[in-house]
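Residues per chain, in single letters:
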Amino acid sequence: MVAACFYIVAPTWDSGPMFYKGWYHFFYQYNPKAAVWGDIVWGHAVSKDLIHWLHLPLAMVADQWYDANGVWTGSATILNDGKIVMLYTGSTSEAVQVQNLAYPADYSDPLLTKWVKYHGNPVLVPPPGIDEKDFRDPTTAWLTSEGKWRITIGSKINTSGIALVYDTKDFIHYEQLEGLLHAVPGTGMWECVDFFPVSKTEKIGLNTSINGPEVKHVVKVSLDDDRNDYYAVGTYDEKNGTWIPDKPEIDVGIGIRYDYGVFYAAKSFYDQNKNRRVLWGWIGESDSEAADIKKGWASLQSIPRTILFDDKTGTNLLQWPVEEVESLRLKRSEFNRVTVKAGSVVPLDVGSTSQLDIIAEFEVDKEALKKATGSNVTFSCTTSGGAAERGALGPFGLLVHADKNFCEKTPIYFYIAKESDGNFKTYFCNDLSRSSAASDVSKQIYGSFVPVLEGEKLSLRILVDHSIIESFAQGGRSVITSRVYPTKAIYGDAKLFLFNNATEATVTASLTIWQMNSAFIQPYPDDNKL
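First, a word on scope: everything that follows refers to the structure included in this document. (Residues numbered from 1 in each chain as written. Predicted model: local features only at pLDDT ≥ 70, side-chain atom pairs only at ≥ 80, totals over all residues. Heavy atoms only, no water.)

Digging into the overall build of the chain
Right, so step 1: Of regular secondary structure, the chain possesses 2 helices and 35 strands.
Right, so step 2: Whereas a compact globule of 530 residues would reach a radius of gyration of roughly 24 Å, the chain reaches 23 Å, a difference of no more than 12%.
Right, so step 3: Along the first, second and third principal axes, the C-alpha atoms of the chain reach 70 × 55 × 40 Å.
Right, so step 4: Within the chain, the fraction of its 530 residues that count as buried is 59%.
Right, so step 5: In the chain, once contacts between residues fewer than 6 apart in sequence are set aside, the share between residues at least 24 apart is 63%.
Right, so step 6: Accessible surface, the chain as shown: approximately 21,000 Å² in total, 50% of it carbon and sulfur.
Right, so step 7: A distance of 5 Å separates the average location of the 50 positive side-chain charges in the chain from that of its 64 negative side-chain charges. (Helix = DSSP H or I, 4+ residues; strand = E, 2+ residues; numbered from the N terminus. Rg over C-alpha atoms; globule rule 2.2 N^0.38 Å. Buried < 20%, exposed > 50% of the residue type's maximum accessible area, 1.4 Å probe, protein only. Contact = heavy atoms within 4.5 Å. Areas by Shrake-Rupley, 256 points an atom, 1.4 Å probe, with all protein chains shown as cover. Lys, Arg positive; Asp, Glu negative; His and termini not counted. Charge placed at Lys NZ, Arg CZ, Asp CG, Glu CD.)

Below you can see the structure in the form of structure tokens.
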């Protein structure tokens, strides 16, 4: 299998991302001994632009009793004086989850190559009533109006996922608040909790400590039970240290996901360099562990995404690849108002299709929309027959990684369903059922409902980099990341097509497609020169 060419290989979850003295820093959990989970330490990479990366020496290793079984997820907080504190979970020699403090050995070093662990670690241990193996992943701290720093840590009580809250003045001594930031019954252990503000009025990111009437707050959790990331938008009460979702029916863990594919343990940070909030997520493999061991690497990080509040729906976030990814664009091809009749496939001649950035818009024949009849049957991407299941108004979209005989193909598509009440619902799906002839890979169908508002065209952006596909619908309102492992549709034999498998509707598509260059990702030269 071809390694990705503009994604950074990061074997497991990211930790402590930040921008410091001209460099973006990315820390990640890493087993240096094998391409499987094991002896976890922190890898470290830096970048000037979030695209081209230099791998530095390991930042922290498991060399103390309080992290002997692994240096796990952590978060960086940049203090008002510019100094950095890093809180991280350690698994002790007895496998107890504790929180530890570390800081840079030399603040004048923009690469932050050396880290010092606080001599009094751990700074937090599981409180009464919390299992010693259910206390992990401290967030970036935010400043309260009283001048204290506040963090939250994921846990569970019975089957309820919870976020514990602590205040501190020095990151050494902590006071646990009486209540919880939030809890949702039946969601199980909350990992990698993230908590941050989003602006209701401006298209910018916000420092984690910002609060006020023009701000909403987002709680995001990674559910250990189903290995997916969920979020909800709501209101934060600083005095009580609590958060309430705007819509309880789509609360954290039971409503909207960051991504409906292979995407977990996501972490955001405020990028003060460009006034934006940037999100990374871990993209695991969906082939076998034996295949990972054979190729010697496993898992990558998503292309960094910006996060904005979707003021049109009021419930969603908008995720979009950072603008820097556009610097990799090469040859451009345009296709204007291509007619794709019901039941047809249209080839798109763009040359090599292994690395692409695709932007597409679709319009559905209005007469077909008028004629469509309602149904009591609720459509679902994941339980449907995939792109082969035909309806009056879908599926239609793109076939990536397709060979000329369509033995292998990966459809990314919309499906419009008219319900019994006469309203239309649009679904955004990614079908892997025929993505590979290999027998040891996952071939799921991903997707979900995506809100499409009055007057909006159906829009789609797809980043293709060999085995990774990231797809963004409706400006990033819904996202699907998938791993595909074709055996025939590779290199020059990989083709790109428009398709329309609807039975009634003609679709008109307009596309701009770029071939993509490879990113520069390598070890940092040890010559002490920046």
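Some remarks on the state of the cysteines
Right, so step 1: Under the defined criterion, the tally for this structure stands at 1 disulfide.
Right, so step 2: Across the disulfide from Cys381 sits Cys429; the S-S distance is 2.1 Å. The sign of the -60° torsion about the S-S bond sets the Cys381-Cys429 disulfide as left-handed. Taken together, the residues Cys381 in the loop between α2 (366-371) and β26 (396-402) and Cys429 in strand β28 (residues 424-431) connect sequence positions 48 residues apart. The burial state of Cys381 is the same as that of Cys429; both residues are buried. (Disulfide = S-S within 2.5 Å.)

Concerning the sheet that holds strand β34 (residues 507-516)
Within a sheet, adjacent strands bond to each other through the backbone by hydrogen bonds, running parallel or antiparallel.
Right, so step 1: Across the sheet, 6 strands lie side by side as β23-β34-β25-β30-β31-β32; this open sheet has antiparallel pairing. With partners counted over all chains shown, the strands left at the sheet margins are β23 (329-340) and β32 (478-483), one partner each. Between one strand and the next, the sheet's axes are offset by a mean angle of 15°, whatever the strand orientation. (Pairing = 2+ DSSP bridges. Axes fitted to C-alpha atoms, helices over the stretch in contact; angles between N-to-C directions.)

Remarks on the packing of aromatic side chains
The geometry of an aromatic ring pair comes down to the distance between the two centres and the angle between the two planes.
Right, so step 1: In total, this model carries 29 aromatic pairs according to the counting rule given.
Right, so step 2: Note on Phe379 and Tyr415: the rings are 3.9 Å apart at their centroids and 5° apart in plane angle, and the pair reads as stacked. Of the two residues, Phe379 sits in the loop between α2 and β26 while Tyr415 sits in strand β27 (residues 410-418), which places them 36 residues apart along the sequence. With respect to class, Phe379 is no different from Tyr415; both count as buried.
Right, so step 3: A connected cluster of aromatic rings, assembled from ring pairs, spans Phe19, Tyr24, Phe26, Tyr28, Tyr30, Trp53, Phe269 and Trp280.
Right, so step 4: Just above the ring of Trp514 sits the side chain of Arg329; from NZ or CZ to the centre is 3.6 Å.
Right, so step 5: Positioned over the ring face of Phe449 is Lys425, at 4.5 Å from the centre of the ring. (Phe/Tyr/Trp six-rings, centres within 6.5 Å; stacked < 30°, edge-to-face > 60°. Lys NZ or Arg CZ within 6 Å of the ring centre and 35° of its normal.)

Concerning the nonpolar core
Right, so step 1: Phe362, Leu398, Leu498 and Leu511 are the most contacted members of the largest nonpolar core, which totals 58 residues.
Right, so step 2: Of all the elements, strand β25 (residues 355-364) adds the most residues to this core, at 5 residues.
Right, so step 3: Within the second largest apolar cluster, 19 residues are counted, among which are Phe6, Phe19, Tyr24 and Ala45. (Core = buried A, V, L, I, M, F, W, Y, C linked by side-chain atoms within 4.5 Å.)

As for the pattern of salt bridges
Right, so step 1: Enumeration over the complete set of coordinates arrives at 28 salt bridges.
Right, so step 2: The partner of Arg477 in a salt bridge is Asp310, and the shortest N-O contact between them spans 2.7 Å. One end of the pair, Arg477, is in the loop between β31 (468-473) and β32; the other, Asp310, is in the loop between β21 (305-309) and β22 (317-321), and 167 residues separate them in sequence.
Right, so step 3: For Arg477, a relative accessible area of 5% gives the class buried.
Right, so step 4: Within the structure, one salt-bridge network assembled from shared partners comprises Asp271, Lys274, Arg276, Glu323 and Glu324. (Salt bridge = Lys/Arg side-chain N within 4 Å of Asp/Glu carboxyl O.)

Brief notes about the side chain of Asp229
Right, so step 1: Looking at the element boundaries, Asp229 is found in strand β15 (residues 228-237).
Right, so step 2: Given a relative accessible area of 1%, Asp229 falls into the buried group.
Right, so step 3: A polar contact is formed between the side chain of Asp229 and the side chain of Lys220, at a distance of 3.5 Å.
Right, so step 4: Setting aside residues no more than four positions away along its own chain, Asp229 makes contact with Lys220, Val221, Ser222, Ile256, Arg257, Tyr258, Phe263, Tyr264, Ala265 and Ala266. (Polar contact = N/O pair within 3.5 Å; in protein donor to acceptor, adjacent residues only side chain to side chain.)

Focus on the side chain of Ser15
Right, so step 1: With respect to the helices and strands, Ser15 occurs in strand β1 (residues 14-20).
Right, so step 2: The exposure class of Ser15 is buried, given its relative accessible area of 0%.
Right, so step 3: With near-sequence residues (within four places) excluded, Ser15 lies in contact with Phe27, Tyr28, Gln29, Trp42, Trp72, Thr73 and Gly74.

Details of the environment of Tyr413
Right, so step 1: On the secondary structure map, Tyr413 appears in strand β27.
Right, so step 2: By relative accessible area, which is 0% here, Tyr413 ends up buried.
Right, so step 3: With residues up to four places along the chain from it excluded, the contact list for Tyr413 reads Gly386, Ala387, Pro395, Phe396, Gly397, Tyr427, Phe428, Cys429, Asn430, Asp431, Ile445 and Phe499.
Right, so step 4: Polar side-chain contacts of Tyr413 include one of 3.4 Å to the backbone nitrogen of Ala387.

Everything listed is a geometric property; what it means functionally is a separate question.
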